[in-house]
Amino acid sequence: MTTISRTAVTSAPIHEVLAERWSPRSFDSSVEVPSEKITAALEAARWSASASNTQPWRFLVARRGTAEHATIVENLMGFNQAWAVSAHVLIVNLAAVTAEDGTPLRWAQYDLGQAVANLTVQAHHDGLHVHQMGGIEVDGLRTAFSIDPALEPMSVTALGVLGTPEALASDVLREREVAPRSRRPLDELVLLSA
Ligand SMILES: Cc1cc2nc3c(=O)[nH]c(=O)nc-3n(C[C@H](O)[C@H](O)[C@H](O)COP(=O)(O)O)c2cc1C
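- An unreviewed UniProt entry lists the protein under the name Nitroreductase, from Mycetocola miduiensis.
- Here is the UniProt Sequence similarities (unreviewed entry) comment for the protein, exactly as written: "Belongs to the nitroreductase family."

Have a look at this one:
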């Protein structure tokens, strides 16, 4: 198994899974993700908080080697296609933006993001890696999967087992895979501090 440390540098200790989580582009296409780990990740998403418990998240889940996986790859932007094709699982993340009676669900995208964050943490806890992508062809996905107009495709999650940087197809991707992770300083983000 490949291990690369890209641990977050923090001003106070944070949970190990949060510190160790990062978004790789190299996935080992030869290793399948066990069904129970996919289910655990989706359960973590399911038990996320949401506005008025509306649970406005829906998922299209596809394993590598299926027509659905290939269709999702076709509907990634070119830069993402190059690496995400190796991920054993691809998940289209959909926000249910209107209720059954047509009322807009104002927090749908926010809630979906929280659900995907939960999924990510569970997956890392289970020894997997996750990379979210906003670079997707929304209209192409809508057509390919006959997606209900009340659902908005927001992103695709690549889920799988970490591969080696050397397996990536270009120097640019290989360099990004091992570059230091960075964040804005905390005092730039916290506009009023307790
Ligand atoms: C909503 C969202 C969209 C993203 N879109 C892409 C994308 O299209 N392609 C890509 O390579 N990474 C994408 N990323 C990954 C981010 O670039 C990555 O999370 C960020 O650089 C921080 O790196 P880390 O996750 O390793 O900490 C996306 C992440 C999120 C949350």
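What follows picks up the thread again.
**A short note on the site of the ligand**
Link 1 in the chain: Near the ligand you find 14 residues, and of these S23, R25, H131, G134 and R181 are the closest.
Link 2 in the chain: For the ligand, an oxygen atom lies 2.9 Å from a polar atom in the side chain of R21.
Link 3 in the chain: A distance of 3.0 Å separates a nitrogen atom of the ligand from a polar atom in the backbone of Q132.

**Overview of the packing of aromatic side chains**
Link 1 in the chain: Tallied over the full model, the rule gives one aromatic pair.
Link 2 in the chain: With a centroid separation of 6.5 Å and an interplanar angle of 20°, the aromatic rings of F27 and W83 are classed as stacked. Placement of the pair is F27 in the loop between α1 (16–20) and α2 (35–46) and W83 in helix α4 (residues 78–84), with a sequence separation of 56 residues.
Link 3 in the chain: We classify F27 as buried; its relative accessible area is 5%.
Link 4 in the chain: Overall, W83 belongs to the buried group, its relative accessible area being 2%.

Reading the values: rules and limits
Residues numbered from 1 in each chain as written. Predicted model: local features only at pLDDT ≥ 70, side-chain atom pairs only at ≥ 80, totals over all residues. Heavy atoms only, no water. UniProt positions renumbered as here; feature names shortened; annotations may be inferred. Near = heavy atom within 4 Å. Polar contact = N/O pair within 3.5 Å; in protein donor to acceptor, adjacent residues only side chain to side chain. Phe/Tyr/Trp six-rings, centres within 6.5 Å; stacked < 30°, edge-to-face > 60°. Helix = DSSP H or I, 4+ residues; strand = E, 2+ residues; numbered from the N terminus. Buried < 20%, exposed > 50% of the residue type's maximum accessible area, 1.4 Å probe, protein only.

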